[in-house]
Amino acid sequence: LWQRCLDRLGRDLTEQELNTWIRPLQVKADEQALRLMAPNRFVRDWVRDQFLRLIQEVVEEVSADPIPEVHLEIGSAGLKPRRSPSAEPAERRQQAPEARLGSRLVPDHTFENFIEGKSNQLARAAARQVAENPGQAYNPLFIYGGVGLGKTHLMHAVANRMLESNPKARIAYVHSERFVGDMVKALQHNTINDFKRLYRGLNALMIDDIQFFAGKERSQEEFFHTFNALLEGQQQVILTCDRYPKEVNGLEERLKSRFGWGLTVAIEPPELETSVAILIRKAAQDGVQLPDEVAFFIAQRIRSNVRELEGALRRVIANSRFTGQPITMDFTKEALRDLLALHEKLVTIDNIQKTVANYFKMGIKDLLGKRRSRSITRPRQIAMALAKELTNHSLPEIGEEFGGRDHTTVLHACRKVKELRETDTRIDDDYQNLLRTLTT
Ligand code: ADP
Ligand code: MG
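Residues numbered from 1 in each chain as written. Chains lettered and ligands numbered in written order. Predicted model: local features only at pLDDT ≥ 70, side-chain atom pairs only at ≥ 80, totals over all residues. Heavy atoms only, no water.

1. Some words on the sheet that holds strand β7 (residues 236-241)
- The 5 strands are arranged β5-β6-β7-β4-β8 in an open sheet whose pairing can be described as parallel. Pairing within the sheet leaves two strands with one partner each, and these edge strands are β5 (171-175) and β8 (263-266). Here the strands of the sheet are splayed against their neighbours by 15° on average, with no regard to which way each runs.
- Across 4 bridges, the pairing between strand β4 (residues 141-144) and β8 is parallel. Bridge pairing in β8 places I143 opposite V265.
- Across the face of the sheet, helix α7 (residues 151-165) comes into contact with β4, β5, β6 (204-208) and β7 while running at roughly 165° to β6. (Pairing = 2+ DSSP bridges. Helix = DSSP H or I, 4+ residues; strand = E, 2+ residues; numbered from the N terminus. Axes fitted to C-alpha atoms, helices over the stretch in contact; angles between N-to-C directions. Contact = heavy atoms within 4.5 Å.)

Rendered as structure tokens:
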């Protein structure tokens, strides 16, 4: 019977899998039962998690009635169960890496300290749900968005909350680069099996910035299996990425599609009100009462992400402490002068208009005017799209600068240019050239 099973398994498993996991099993078979003996616990767990279901199916397929039950045990077909010599060290080694699994959590990264705004509402609510019902709510939870928008903070918040309600929960938070590094080390030291087992024994696995998995095939492979094992065991998986998963090049399709099985949420750059709230709250945590106008001033100028906001705030507070001066508007402008210059000088709309007009050999008048021939509207649309991409101006503000156009016109231009760049390489080249000219 077992030989037929093996033949049949050979169709679904690789030769390597057969040799590593299946052939070493010793077998005792009778009418009622097929007993598979694994040399140690690790092999048993692995076979159970990876292959048992398949083995059961195969047994059903190849045996006549009555179908024997499949038992998987530790031991050998001989007399009493014994441990293979190699099992001992493997199990002792397990202790050490376990302590190191993942990175430390930041205790301050909690839900309480995470300020909610429209930009992060969905992500926060989803993370909250997951923290309250790990493995039950959304699995995996996939959070994506640009740098400094609070992805890592939210992940830690989930972990901190889970540990609060269950201090024994086994949670690993790892940056994907660390995951890759640890795996490479495990391969070198021949401890890859321990590595695998550790990851699979978790209640929750959080991997940060998975865009770094791109192109790392072996890691993706390993991660894929770990991921599946965890999902099957209803253990929570949380992932973050700096962009929408489907847009990460060099990531296997099967991973991408699986990421979509749970919930995928975006986290956007904070809108003005959220930024202001964050600034006031962080200042208060530092014992500083930040005047509203100062908070608005900083928030208006630093729009890209929360980390930069924090940096600016820290600078203002430090300067104020150092000089003993109160935080006024003038003081803030002075303290942030070089930082703001950087943000503002970066690119102005005026600058964009001149550069685009120049590039397409046309006059600024036409660019901003009313004429609607294609040779003029294209550059105009490109200029608007560049203004949206490179400055912090809002759509209405950009429209205003482009001859008093409506914000919907600007929005349309941005969409149109995006679409054209995807279909027309010449336009994409133009756009890239302009981007380069403007930013370097
Ligand atoms: P990401 O992982 O998305 O790059 P982080 O989670 O590291 O960003 O966030 C950057 C910094 O901004 C952290 O110090 C974090 O605490 C803070 N932060 C981000 N979003 C918020 C928020 N909504 N409320 C409070 N702090 C935030
Ligand atoms: Mg992060």
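2. A closer look at the side chain of T377
- Inspection of the secondary structure puts T377 in helix α19 (residues 374-390).
- Judged by its relative accessible area of 18%, T377 falls in the buried class.
- When sequence neighbours within four positions are dropped, the list of residues in contact with T377 reads R371 and R372. (Buried < 20%, exposed > 50% of the residue type's maximum accessible area, 1.4 Å probe, protein only.)

3. What to know about the packing of aromatic side chains
- Inspection of the entire model under this criterion finds 12 aromatic pairs.
- With 5.6 Å between their ring centres and 85° between their planes, F227 and F259 make a pair best called edge-to-face. With a gap of 32 residues between them, F227 in helix α10 (residues 217-232) and F259 in helix α11 (residues 253-259) connect regions that are remote in the sequence. Considered together, F227 and F259 belong to a single accessibility category, that of buried residues.
- Of the aromatic side chains, those joined through ring pairs into one cluster are F142, F179, F195, Y199, F213, F223, F227 and F259. (Phe/Tyr/Trp six-rings, centres within 6.5 Å; stacked < 30°, edge-to-face > 60°.)

4. Describing helix α14 (residues 306-323)
- Over its 18 residues, α14 extends 26 Å from the first C-alpha to the last, a length consistent with the 26 Å expected when each residue adds 1.5 Å.
- Here α14 has its buried residues at V306, L309, A312, L313, V316, I317 and S320. Projected down its long axis, α14 shows its buried positions confined to an angular sector of 130°, all on one face. Facing away from the buried surface of α14 by more than 90 degrees, the exposed residues are R307, R314 and F322. (Expected span 1.5 Å × (residues − 1). Arc of directions from axis to C-beta.)

5. Some points on the nonpolar core
- In this structure, I352, V356, I382, L386, L390, F402 and Y431 are the most contacted members of the largest nonpolar core, which totals 28 residues.
- The set of elements that each furnish at least two residues to this core consists of α17 (349-359), α19, α20 (395-401), α21 (407-423) and α22 (425-439).
- Counting residues per element, this core draws most heavily on α19, which supplies 8 residues.
- Among all residues touching I382, those that are not within four sequence positions of it are F360, V417, I427, Y431 and L434.
- Counting 27 residues, the second largest nonpolar core, distinct from the first, contains M183, I192, F213 and F227. (Core = buried A, V, L, I, M, F, W, Y, C linked by side-chain atoms within 4.5 Å.)

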